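Below are the chains, spelled out letter by letter.
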Amino acid sequence: EKGGYDYFMLKEIAEQPKAVADTLLGRIDRAGELTLDEVRIPDSVLREVDKVVIVACGTAYHAGMIAKYAIEHWTRIPCETELASEFRYRDPILDSRTLVIAVSQSGETMDTLMALRHAREQGARVLAICNTNGSTIPRESDAVLYTHAGPEVAVASTKAFLTQLVACYLVALYLGQVRGTKWGDEIGELVRELSEASAWVEDVLGTMEPVRELARGLADRNTVLFLGRHVGFPVALEGALKLKELAYMHAEGFAAGELKHGPIALIEEGVPVVVVVPSPRGRSVLHDKIVSNIQEIRARGALTIVVAERGDTAVVPYADHLVEVPETPTLLQPLVATVPLQVFACELATARGNEVDQPRNLAKSVTVE
Ligand code: M6R
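Residues numbered from 1 in each chain as written. Predicted model: local features only at pLDDT ≥ 70, side-chain atom pairs only at ≥ 80, totals over all residues. Heavy atoms only, no water.

- As annotated in an unreviewed UniProt entry, the protein chain carries the name Glutamine--fructose-6-phosphate aminotransferase [isomerizing] and is attributed to Streptomyces albiaxialis.
- You can read under Catalytic activity (unreviewed entry) in the UniProt record for the protein chain the words "D-fructose 6-phosphate + L-glutamine = D-glucosamine 6-phosphate + L-glutamate".
- In its Subunit (unreviewed entry) section, UniProt records this for the protein chain: "Homodimer." (UniProt positions renumbered as here; feature names shortened; annotations may be inferred.)

1. Remarks on empty space enclosed by the protein
Then, in step 1: Counted by the stated rule, this structure contains 2 cavities of 30 Å³ or more.
Then, in step 2: Quantified by volume, the largest cavity comes out at close to 50 Å³.
Then, in step 3: Lining the largest cavity are Leu36, Val39, Ile41, Leu46, Leu99, Leu127, Val171, Tyr174 and Leu175.
Then, in step 4: Of all the elements, helix α8 (residues 159-179) adds the most residues to the lining of the largest cavity, at 3 residues.
Then, in step 5: Split into classes, the residues belonging to the lining of the largest cavity amount to 9 nonpolar, no polar and no charged.
Then, in step 6: In this structure, the second largest cavity spans a volume of roughly 40 Å³.
Then, in step 7: Taken together, Val211, Leu214, Val274, Ile305, Val307, Val323, Pro340, Leu341 and Phe344 make up the lining of the second largest cavity.
Then, in step 8: Within the residue set of the lining of the second largest cavity, elements represented by two or more residues are α11 (209-217), β9 (303-309) and α14 (334-351).
Then, in step 9: Per element, the largest residue contribution to the lining of the second largest cavity is 3 residues, and it comes from α14.
Then, in step 10: Counted by class, the lining of the second largest cavity contains 9 nonpolar, no polar and no charged residues. (1 Å grid on protein atoms, 1.4 Å probe; cavity = no way out; pocket = protein on both sides within 12 Å on 5 of 7 lines; lining within 4 Å. Points joined across faces, edges and corners; volume = space filled by probe spheres on them. Helix = DSSP H or I, 4+ residues; strand = E, 2+ residues; numbered from the N terminus. Nonpolar A, V, L, I, M, F, W, Y, C, P; charged D, E, K, R; others polar.)

2. With respect to the site of the ligand
Then, in step 1: Within the structure, the ligand sits among 14 residues, and Ser104, Gln105, Ser106, Thr109 and Glu245 are positioned closest to it.
Then, in step 2: Contact distances for the ligand include 3.1 Å between a nitrogen atom and a backbone N or O atom of Val155.
Then, in step 3: Its free accessible area being 410 Å², the ligand has 90% of it covered by the protein chains.
Then, in step 4: Counting atoms within 2 Å of the grid points, the majority share of the ligand lands in the largest pocket.
Then, in step 5: Looking at the shell around the ligand residue by residue, the class counts come to 5 nonpolar, 7 polar and 2 charged. (Near = heavy atom within 4 Å. Polar contact = N/O pair within 3.5 Å; in protein donor to acceptor, adjacent residues only side chain to side chain. Areas by Shrake-Rupley, 256 points an atom, 1.4 Å probe, with all protein chains shown as cover. Sits in = over half its atoms within 2 Å of the grid points.)

3. Comments concerning the packing of α11 against α14
Then, in step 1: Orientation of α11 relative to α14, taken along the N-to-C sense of each, is 40°, at an axis distance of 8 Å. With respect to their mutual orientation, α11 and α14 come out oblique. The handedness of the crossing between α11 and α14 is right-handed. Where α11 abuts α14, its residues Val211, Arg212, Leu214, Ala215 and Arg216 lie against Pro340, Val343, Phe344, Glu347, Leu348 and Ala351.
Then, in step 2: When grouped by side-chain class, the residues that make up the contact of α11 with α14 number 8 nonpolar, no polar and 3 charged. (Axes fitted to C-alpha atoms, helices over the stretch in contact; angles between N-to-C directions. Parallel < 35°, antiparallel > 145°, perpendicular 65-115°, else oblique. Left-handed = near helix turned anticlockwise from the far one by under 90°. Contact = heavy atoms within 4.5 Å.)

4. A word on the environment of Arg179
Then, in step 1: Relative to the helices and strands, Arg179 resides in helix α8.
Then, in step 2: Taking the C-alpha atoms as reference points, Arg179 and Gly301, 122 residues apart in sequence, are found 50 Å from one another.
Then, in step 3: In this structure, Arg179 is in contact with Leu46, Arg47, Glu48, Val49 and Ile77, ignoring residues within four places of it in sequence.
Then, in step 4: A polar side-chain atom of Arg179 sits 3.1 Å from the main-chain carbonyl oxygen of Arg47.

5. A short note on the packing of aromatic side chains
Then, in step 1: This structure, assessed with the given rule, holds 1 aromatic pair.
Then, in step 2: Aromatic side chains Trp74 and Tyr169 sit 5.9 Å apart centroid to centroid with 50° between the ring planes, which places their arrangement in the tilted category. In this pair, Trp74 is assigned in helix α4 (residues 58-75) and Tyr169 in helix α8, connecting sequence segments 95 residues apart.
Then, in step 3: Exposure remark for Tyr169: the relative accessible area of 1% places this residue in the buried category.
Then, in step 4: One cation-aromatic arrangement involves Arg360 over Tyr248; the distance from NZ or CZ to the ring centre is 3.8 Å. (Phe/Tyr/Trp six-rings, centres within 6.5 Å; stacked < 30°, edge-to-face > 60°. Buried < 20%, exposed > 50% of the residue type's maximum accessible area, 1.4 Å probe, protein only. Lys NZ or Arg CZ within 6 Å of the ring centre and 35° of its normal.)

6. A look at unusual backbone geometry
Then, in step 1: Positioned with a positive phi, Tyr248 is a non-glycine residue whose angle comes to about 55°.
Then, in step 2: We note that Asn361 has phi near 70°; this positive angle belongs to a residue other than glycine.
Then, in step 3: Relative to the helices and strands, Asn361 is located in the segment after α14.
Then, in step 4: By relative accessible area, Asn361 is classed as exposed at 78%.

7. Quick look at the sheet that holds strand β5 (residues 143-146)
Then, in step 1: Here we have 5 strands laid out as an open sheet, ordered β2-β1-β3-β4-β5, and parallel in their pairing. What marks the edges here is a single partner per strand, and that holds for β2 (79-83) and β5. Neighbour-to-neighbour, the strand axes of this sheet turn through a mean angle of 20°, independent of strand direction.
Then, in step 2: In this sheet, β2 lies alongside strand β1 (residues 51-56) in parallel orientation, the contact comprising 5 bridges. Across the sheet, Val52 pairs through a bridge with Cys79, a residue of β2.
Then, in step 3: Contacting β1, β3 (98-104), β4 (125-130) and β5, α8 runs over the sheet at an angle of about 145° to β4. (Pairing = 2+ DSSP bridges.)

Below is the structure:
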(Lines give C-alpha, C1' and ligand atoms only; values in the text may rest on other atoms or scores of the structure.)
Protein backbone atom coordinates (compact mmCIF):
# COMPACT_ATOMS: atom_id res chain seq x y z
CA GLU A 1 0.00 0.00 0.00
CA LYS A 2 3.07 2.23 -0.03
CA GLY A 3 2.73 2.27 -3.80
CA GLY A 4 6.33 1.16 -4.41
CA TYR A 5 7.83 3.72 -2.04
CA ASP A 6 9.95 2.71 0.95
CA TYR A 7 7.95 4.90 3.29
CA PHE A 8 4.50 6.42 3.44
CA MET A 9 6.16 9.78 3.87
CA LEU A 10 7.86 9.51 0.48
CA LYS A 11 4.57 8.47 -1.10
CA GLU A 12 2.77 11.36 0.56
CA ILE A 13 5.41 13.87 -0.52
CA ALA A 14 5.00 12.62 -4.08
CA GLU A 15 1.21 12.88 -3.86
CA GLN A 16 1.32 16.58 -3.13
CA PRO A 17 0.56 17.89 -6.63
CA LYS A 18 -2.61 15.78 -6.68
CA ALA A 19 -3.55 16.72 -3.10
CA VAL A 20 -3.22 20.41 -3.96
CA ALA A 21 -5.23 20.02 -7.19
CA ASP A 22 -7.95 18.03 -5.40
CA THR A 23 -8.27 20.68 -2.72
CA LEU A 24 -8.78 23.36 -5.37
CA LEU A 25 -11.16 21.22 -7.42
CA GLY A 26 -14.69 22.54 -7.73
CA ARG A 27 -13.93 25.61 -5.67
CA ILE A 28 -13.13 27.98 -8.52
CA ASP A 29 -15.86 28.45 -11.13
CA ARG A 30 -15.37 29.18 -14.82
CA ALA A 31 -15.54 32.88 -14.26
CA GLY A 32 -12.65 32.59 -11.80
CA GLU A 33 -14.89 33.25 -8.79
CA LEU A 34 -14.59 31.22 -5.62
CA THR A 35 -17.52 29.04 -4.64
CA LEU A 36 -17.08 27.68 -1.14
CA ASP A 37 -20.60 26.31 -0.78
CA GLU A 38 -19.67 24.10 2.15
CA VAL A 39 -18.79 27.15 4.20
CA ARG A 40 -22.25 27.47 5.62
CA ILE A 41 -21.49 30.72 7.37
CA PRO A 42 -23.62 33.23 5.45
CA ASP A 43 -21.83 35.93 3.45
CA SER A 44 -23.72 38.52 5.50
CA VAL A 45 -21.98 37.21 8.63
CA LEU A 46 -18.59 37.08 6.90
CA ARG A 47 -19.01 40.70 5.87
CA GLU A 48 -19.40 41.68 9.54
CA VAL A 49 -16.36 39.78 10.79
CA ASP A 50 -13.95 42.20 12.47
CA LYS A 51 -11.29 39.77 13.64
CA VAL A 52 -9.99 36.39 12.55
CA VAL A 53 -8.28 34.07 15.02
CA ILE A 54 -6.58 30.91 13.83
CA VAL A 55 -5.93 28.09 16.28
CA ALA A 56 -3.92 24.96 15.55
CA CYS A 57 -0.97 22.84 16.69
CA GLY A 58 2.34 21.79 15.17
CA THR A 59 2.45 21.81 11.40
CA ALA A 60 -1.16 23.03 11.17
CA TYR A 61 -0.11 26.00 13.30
CA HIS A 62 2.56 26.85 10.75
CA ALA A 63 -0.10 26.80 8.01
CA GLY A 64 -2.13 29.16 10.23
CA MET A 65 0.84 31.51 10.63
CA ILE A 66 1.11 31.77 6.86
CA ALA A 67 -2.64 32.33 6.59
CA LYS A 68 -2.33 35.38 8.83
CA TYR A 69 -0.10 37.12 6.29
CA ALA A 70 -2.52 36.32 3.48
CA ILE A 71 -5.71 37.24 5.35
CA GLU A 72 -4.43 40.56 6.60
CA HIS A 73 -2.88 41.52 3.28
CA TRP A 74 -5.79 40.49 1.08
CA THR A 75 -8.73 41.41 3.30
CA ARG A 76 -7.39 43.99 5.80
CA ILE A 77 -9.18 42.10 8.61
CA PRO A 78 -6.96 41.87 11.71
CA CYS A 79 -5.89 38.27 12.16
CA GLU A 80 -3.97 36.46 14.86
CA THR A 81 -2.70 32.92 14.88
CA GLU A 82 -2.29 31.16 18.18
CA LEU A 83 -1.15 27.79 19.42
CA ALA A 84 -4.34 25.99 20.39
CA SER A 85 -2.74 24.81 23.61
CA GLU A 86 -2.16 28.40 24.75
CA PHE A 87 -5.34 29.97 23.45
CA ARG A 88 -8.02 29.50 26.07
CA TYR A 89 -5.72 29.92 29.05
CA ARG A 90 -5.12 33.59 28.33
CA ASP A 91 -8.82 34.49 28.31
CA PRO A 92 -8.89 35.67 24.66
CA ILE A 93 -11.28 38.42 23.57
CA LEU A 94 -13.92 36.88 21.31
CA ASP A 95 -17.45 37.73 20.27
CA SER A 96 -19.98 37.07 17.53
CA ARG A 97 -17.95 39.12 15.04
CA THR A 98 -14.87 36.95 15.54
CA LEU A 99 -14.22 34.24 12.99
CA VAL A 100 -12.16 31.45 14.50
CA ILE A 101 -10.46 29.08 12.07
CA ALA A 102 -9.40 25.73 13.54
CA VAL A 103 -6.87 23.94 11.33
CA SER A 104 -6.33 20.21 11.85
CA GLN A 105 -5.39 17.28 9.66
CA SER A 106 -6.84 14.62 11.95
CA GLY A 107 -9.77 16.62 13.29
CA GLU A 108 -9.12 14.94 16.65
CA THR A 109 -6.39 17.07 18.22
CA MET A 110 -7.57 17.71 21.76
CA ASP A 111 -5.88 21.09 22.19
CA THR A 112 -7.50 22.41 19.01
CA LEU A 113 -10.87 20.96 19.98
CA MET A 114 -10.76 22.59 23.41
CA ALA A 115 -9.79 25.91 21.83
CA LEU A 116 -12.74 25.84 19.44
CA ARG A 117 -15.15 24.84 22.20
CA HIS A 118 -13.97 27.81 24.20
CA ALA A 119 -14.40 30.11 21.17
CA ARG A 120 -17.96 28.91 20.56
CA GLU A 121 -18.84 29.40 24.21
CA GLN A 122 -17.82 33.04 23.76
CA GLY A 123 -20.12 33.38 20.75
CA ALA A 124 -17.50 33.25 17.99
CA ARG A 125 -18.16 31.44 14.70
CA VAL A 126 -15.84 28.55 14.05
CA LEU A 127 -14.73 27.36 10.65
CA ALA A 128 -12.72 24.12 10.60
CA ILE A 129 -10.12 23.36 7.96
CA CYS A 130 -9.78 19.62 8.22
CA ASN A 131 -8.63 16.56 6.28
CA THR A 132 -10.68 13.86 7.99
CA ASN A 133 -14.34 13.55 7.09
CA GLY A 134 -16.73 13.44 9.99
CA SER A 135 -14.05 13.85 12.67
CA THR A 136 -14.74 15.67 15.92
CA ILE A 137 -13.38 19.14 15.09
CA PRO A 138 -15.57 19.66 11.97
CA ARG A 139 -18.56 18.12 13.77
CA GLU A 140 -18.25 20.68 16.55
CA SER A 141 -17.65 23.65 14.24
CA ASP A 142 -20.17 25.94 12.53
CA ALA A 143 -18.75 25.01 9.13
CA VAL A 144 -15.93 23.07 7.57
CA LEU A 145 -13.75 23.41 4.53
CA TYR A 146 -12.26 19.99 3.89
CA THR A 147 -8.76 19.57 2.55
CA HIS A 148 -8.61 16.75 0.04
CA ALA A 149 -5.17 15.36 0.77
CA GLY A 150 -6.46 11.81 1.17
CA PRO A 151 -5.37 9.70 4.13
CA GLU A 152 -2.03 10.78 5.60
CA VAL A 153 -0.32 7.86 7.31
CA ALA A 154 3.19 9.10 8.09
CA VAL A 155 3.34 10.88 11.43
CA ALA A 156 5.20 13.78 9.85
CA SER A 157 2.66 15.90 8.04
CA THR A 158 3.46 16.80 4.43
CA LYS A 159 0.62 16.69 1.94
CA ALA A 160 -1.88 17.72 4.61
CA PHE A 161 0.20 20.85 5.22
CA LEU A 162 0.19 21.93 1.58
CA THR A 163 -3.56 21.40 1.36
CA GLN A 164 -4.07 23.35 4.59
CA LEU A 165 -2.22 26.20 2.92
CA VAL A 166 -4.46 25.95 -0.14
CA ALA A 167 -7.58 25.95 2.06
CA CYS A 168 -6.30 28.94 4.03
CA TYR A 169 -5.61 30.85 0.82
CA LEU A 170 -9.10 29.97 -0.44
CA VAL A 171 -10.70 31.25 2.76
CA ALA A 172 -8.61 34.42 2.65
CA LEU A 173 -9.49 35.09 -0.97
CA TYR A 174 -13.13 34.23 -0.34
CA LEU A 175 -13.28 36.75 2.50
CA GLY A 176 -11.80 39.29 0.09
CA GLN A 177 -14.35 38.37 -2.54
CA VAL A 178 -17.45 38.64 -0.32
CA ARG A 179 -16.27 41.79 1.37
CA GLY A 180 -15.02 43.47 -1.79
CA THR A 181 -12.00 44.87 -0.01
CA LYS A 182 -9.58 47.16 -1.76
CA TRP A 183 -7.81 44.05 -2.95
CA GLY A 184 -10.91 43.01 -4.84
CA ASP A 185 -9.37 43.66 -8.23
CA GLU A 186 -6.38 41.57 -7.38
CA ILE A 187 -8.42 38.62 -6.18
CA GLY A 188 -9.19 37.32 -9.67
CA GLU A 189 -5.52 37.33 -10.62
CA LEU A 190 -4.53 35.60 -7.37
CA VAL A 191 -7.16 32.91 -7.86
CA ARG A 192 -5.77 32.29 -11.33
CA GLU A 193 -2.25 32.04 -9.95
CA LEU A 194 -3.34 29.75 -7.12
CA SER A 195 -4.85 27.38 -9.65
CA GLU A 196 -1.31 26.78 -10.98
CA ALA A 197 -0.09 25.57 -7.58
CA SER A 198 -0.20 21.87 -8.41
CA ALA A 199 2.11 22.38 -11.39
CA TRP A 200 4.57 24.35 -9.24
CA VAL A 201 4.73 21.53 -6.69
CA GLU A 202 5.23 18.98 -9.47
CA ASP A 203 8.03 21.14 -10.83
CA VAL A 204 9.88 21.40 -7.51
CA LEU A 205 9.52 17.67 -6.84
CA GLY A 206 11.32 16.99 -10.10
CA THR A 207 14.46 18.78 -8.87
CA MET A 208 15.04 17.17 -5.48
CA GLU A 209 18.00 14.84 -6.10
CA PRO A 210 20.66 17.41 -5.09
CA VAL A 211 18.70 18.06 -1.87
CA ARG A 212 18.80 14.35 -1.03
CA GLU A 213 22.50 14.21 -1.73
CA LEU A 214 23.09 17.25 0.46
CA ALA A 215 21.05 15.70 3.30
CA ARG A 216 23.08 12.47 3.17
CA GLY A 217 26.26 14.51 3.48
CA LEU A 218 24.99 16.18 6.67
CA ALA A 219 23.87 13.02 8.45
CA ASP A 220 26.51 13.29 11.18
CA ARG A 221 25.78 16.91 12.12
CA ASN A 222 24.16 17.89 15.41
CA THR A 223 22.43 21.13 14.51
CA VAL A 224 20.70 22.72 11.54
CA LEU A 225 19.30 26.24 11.69
CA PHE A 226 16.54 27.66 9.50
CA LEU A 227 15.96 31.31 8.68
CA GLY A 228 13.13 33.07 6.92
CA ARG A 229 11.32 36.37 6.67
CA HIS A 230 7.65 37.14 6.08
CA VAL A 231 5.93 33.89 5.01
CA GLY A 232 9.38 32.32 4.85
CA PHE A 233 9.52 32.49 8.64
CA PRO A 234 6.76 29.90 9.25
CA VAL A 235 8.34 27.83 6.46
CA ALA A 236 11.62 27.93 8.44
CA LEU A 237 9.76 26.80 11.56
CA GLU A 238 8.16 23.97 9.60
CA GLY A 239 11.54 22.87 8.19
CA ALA A 240 12.96 22.79 11.71
CA LEU A 241 9.98 20.85 13.08
CA LYS A 242 10.31 18.22 10.34
CA LEU A 243 13.98 17.78 11.13
CA LYS A 244 13.37 17.44 14.87
CA GLU A 245 10.65 14.88 14.55
CA LEU A 246 12.29 12.80 11.82
CA ALA A 247 16.05 13.17 12.21
CA TYR A 248 16.06 13.78 16.01
CA MET A 249 18.48 16.64 15.39
CA HIS A 250 18.61 19.96 17.09
CA ALA A 251 16.91 22.27 14.65
CA GLU A 252 15.59 25.76 15.13
CA GLY A 253 13.77 28.20 12.93
CA PHE A 254 14.25 31.95 13.30
CA ALA A 255 12.88 35.09 11.77
CA ALA A 256 15.94 36.35 9.90
CA GLY A 257 15.50 39.84 11.36
CA GLU A 258 15.97 38.40 14.84
CA LEU A 259 19.46 37.11 14.05
CA LYS A 260 21.28 40.07 15.50
CA HIS A 261 19.09 39.97 18.61
CA GLY A 262 20.64 36.71 19.73
CA PRO A 263 20.68 33.71 17.41
CA ILE A 264 23.67 34.91 15.39
CA ALA A 265 25.78 33.87 18.38
CA LEU A 266 25.03 30.27 17.39
CA ILE A 267 26.73 30.66 14.03
CA GLU A 268 30.13 29.00 13.93
CA GLU A 269 32.32 27.44 11.28
CA GLY A 270 30.44 24.89 9.22
CA VAL A 271 27.01 25.05 10.89
CA PRO A 272 24.38 24.38 8.21
CA VAL A 273 21.83 27.17 7.88
CA VAL A 274 18.87 26.82 5.56
CA VAL A 275 17.64 30.22 4.39
CA VAL A 276 14.22 30.63 2.80
CA VAL A 277 14.43 33.61 0.47
CA PRO A 278 11.16 35.36 -0.37
CA SER A 279 10.35 35.67 -4.03
CA PRO A 280 11.75 39.02 -5.18
CA ARG A 281 8.53 39.95 -7.00
CA GLY A 282 7.10 43.17 -5.57
CA ARG A 283 9.00 42.72 -2.31
CA SER A 284 12.45 43.99 -3.09
CA VAL A 285 13.14 45.42 0.38
CA LEU A 286 12.33 42.13 2.03
CA HIS A 287 14.49 40.33 -0.49
CA ASP A 288 17.47 42.68 -0.06
CA LYS A 289 17.33 42.28 3.69
CA ILE A 290 17.54 38.52 3.58
CA VAL A 291 20.40 38.65 1.09
CA SER A 292 22.36 40.69 3.64
CA ASN A 293 21.42 38.18 6.35
CA ILE A 294 22.91 35.42 4.21
CA GLN A 295 26.08 37.48 3.80
CA GLU A 296 26.27 38.02 7.57
CA ILE A 297 26.05 34.36 8.49
CA ARG A 298 28.35 33.27 5.72
CA ALA A 299 30.98 35.74 6.85
CA ARG A 300 30.83 33.92 10.21
CA GLY A 301 31.44 30.54 8.63
CA ALA A 302 27.91 29.14 8.17
CA LEU A 303 27.33 26.58 5.45
CA THR A 304 24.50 28.30 3.60
CA ILE A 305 21.72 26.29 2.01
CA VAL A 306 19.61 28.81 0.15
CA VAL A 307 16.08 28.11 -1.03
CA ALA A 308 15.31 30.80 -3.60
CA GLU A 309 13.25 31.47 -6.65
CA ARG A 310 14.69 30.24 -9.93
CA GLY A 311 16.62 33.03 -11.58
CA ASP A 312 17.24 34.89 -8.31
CA THR A 313 20.84 35.73 -9.18
CA ALA A 314 21.36 38.02 -6.16
CA VAL A 315 21.72 35.04 -3.78
CA VAL A 316 24.06 32.96 -5.95
CA PRO A 317 27.38 34.39 -4.67
CA TYR A 318 26.46 33.59 -1.05
CA ALA A 319 24.88 30.16 -1.46
CA ASP A 320 27.05 27.12 -0.71
CA HIS A 321 24.07 25.10 -1.89
CA LEU A 322 21.30 26.62 -3.95
CA VAL A 323 17.84 25.03 -4.03
CA GLU A 324 15.72 26.63 -6.71
CA VAL A 325 11.94 26.77 -6.56
CA PRO A 326 9.51 27.95 -9.24
CA GLU A 327 8.42 31.55 -9.52
CA THR A 328 5.30 32.33 -7.48
CA PRO A 329 3.63 35.34 -5.89
CA THR A 330 5.34 36.05 -2.55
CA LEU A 331 2.41 35.00 -0.38
CA LEU A 332 2.04 31.68 -2.19
CA GLN A 333 5.72 30.75 -2.03
CA PRO A 334 5.34 28.45 1.01
CA LEU A 335 3.59 25.97 -1.31
CA VAL A 336 6.91 25.36 -3.05
CA ALA A 337 9.52 26.42 -0.47
CA THR A 338 8.35 23.81 2.06
CA VAL A 339 8.81 20.85 -0.28
CA PRO A 340 12.65 20.76 -0.29
CA LEU A 341 12.60 20.97 3.52
CA GLN A 342 10.33 17.91 3.71
CA VAL A 343 12.61 15.98 1.36
CA PHE A 344 15.69 17.13 3.30
CA ALA A 345 14.29 15.91 6.64
CA CYS A 346 13.08 12.62 5.22
CA GLU A 347 16.45 11.86 3.63
CA LEU A 348 18.36 12.83 6.77
CA ALA A 349 16.16 10.55 8.85
CA THR A 350 16.81 7.70 6.44
CA ALA A 351 20.55 8.36 6.43
CA ARG A 352 20.56 8.31 10.24
CA GLY A 353 18.73 5.00 10.26
CA ASN A 354 15.58 6.38 11.86
CA GLU A 355 12.09 5.06 11.47
CA VAL A 356 10.66 7.59 8.99
CA ASP A 357 6.94 6.92 9.25
CA GLN A 358 6.81 6.33 13.00
CA PRO A 359 9.28 8.66 14.74
CA ARG A 360 9.96 7.85 18.37
CA ASN A 361 7.66 9.29 21.04
CA LEU A 362 5.12 10.67 18.53
CA ALA A 363 1.57 9.77 17.59
CA LYS A 364 -0.29 10.67 14.41
CA SER A 365 -3.13 12.26 16.27
CA VAL A 366 -2.71 13.76 19.69
CA THR A 367 -5.96 13.17 21.51
CA VAL A 368 -4.79 14.24 24.93
CA GLU A 369 -4.07 17.77 26.14
O1 M6R B 1 -4.08 16.50 13.21
P2 M6R B 1 -3.57 17.90 13.45
O3 M6R B 1 -3.32 18.65 12.20
O4 M6R B 1 -4.45 18.68 14.40
O5 M6R B 1 -2.18 17.69 14.18
C6 M6R B 1 -1.45 18.77 14.68
C7 M6R B 1 -0.03 18.35 15.02
O8 M6R B 1 -0.02 17.36 16.00
C9 M6R B 1 0.73 17.84 13.79
O10 M6R B 1 0.75 18.77 12.76
C11 M6R B 1 2.19 17.47 14.15
O12 M6R B 1 2.89 18.63 14.48
C13 M6R B 1 2.86 16.71 12.99
N14 M6R B 1 3.45 15.50 13.45
C15 M6R B 1 3.91 17.52 12.29
O16 M6R B 1 4.53 16.82 11.27
